[in-house]
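If you want the building blocks of each chain, they are given just below.
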Amino acid sequence: MFSYLFTFRSQTAAQSGRRILYEAGLWSLGCTWGVYVEGADGVHAAQLLRAWSSPVSGAYRVHPNGFLEKAQL
């Protein structure tokens, strides 16, 4: 199964994005400049981040083998 990585322009923005998803009940894993969510939650996460005008700089599908591809969510 794949996951999604949302990248941000700052650590503060990434932390804010993770908080938005957490408060909506979505499991996410934050790293310094990004937030990972499970594949099934990708579209919902993108909608939430857009609704809160979160400054997402990129969205990527992360495959189990580590391959990244740009995602259109």
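**Some remarks on the pairing of strand S2 (residues 28-31)**
- With 4 bridges connecting them, S2 and strand S3 (residues 34-38) associate as antiparallel partners. If you follow glycine 30 over to S3, its bridge partner there is valine 35.
- Hairpin geometry of S2 and S3 is characterised by an intervening segment of 2 residues between the two adjacent antiparallel strands.

**Some details on the nonpolar core**
- Among the nonpolar cores identified, the biggest contains 16 residues, and Phe6, Phe8, Leu21, Val37, Ala45 and Leu49 are the most heavily contacted of them.
- Secondary-structure elements contributing two or more residues to this core are strand S1 (3-8), helix H1 (11-23), S3 and helix H2 (42-51).
- For leucine 49, the residues in contact, after removing those within four places along its chain, are Phe6, Phe8, Gly17, Ile20, Leu21, Ser54 and Val56.

**As for H2**
- Among the residues of H2, Gly42, Ala45, Ala46, Leu48 and Leu49 are the ones counted as buried. Seen along its axis, H2 keeps its buried residues to an arc of 165°; they face one direction. Seen from the open side of H2, the exposed residues pointing more than 90 degrees away from its buried face are Arg50 and Ala51.
- Buried residues in H2 make contact with S1, H1, S3 and strand S4 (56-62).
- Immediately beyond the C-terminal end of H2, within one or two residues, lies serine 53, with a positive phi of roughly 55°.

About the criteria used
Residues numbered from 1 in each chain as written. Predicted model: local features only at pLDDT ≥ 70, side-chain atom pairs only at ≥ 80, totals over all residues. Heavy atoms only, no water. Pairing = 2+ DSSP bridges. Helix = DSSP H or I, 4+ residues; strand = E, 2+ residues; numbered from the N terminus. Core = buried A, V, L, I, M, F, W, Y, C linked by side-chain atoms within 4.5 Å. Buried < 20%, exposed > 50% of the residue type's maximum accessible area, 1.4 Å probe, protein only. Contact = heavy atoms within 4.5 Å. Arc of directions from axis to C-beta.

Purely geometric stuff here, so don't read any function into it on its own.
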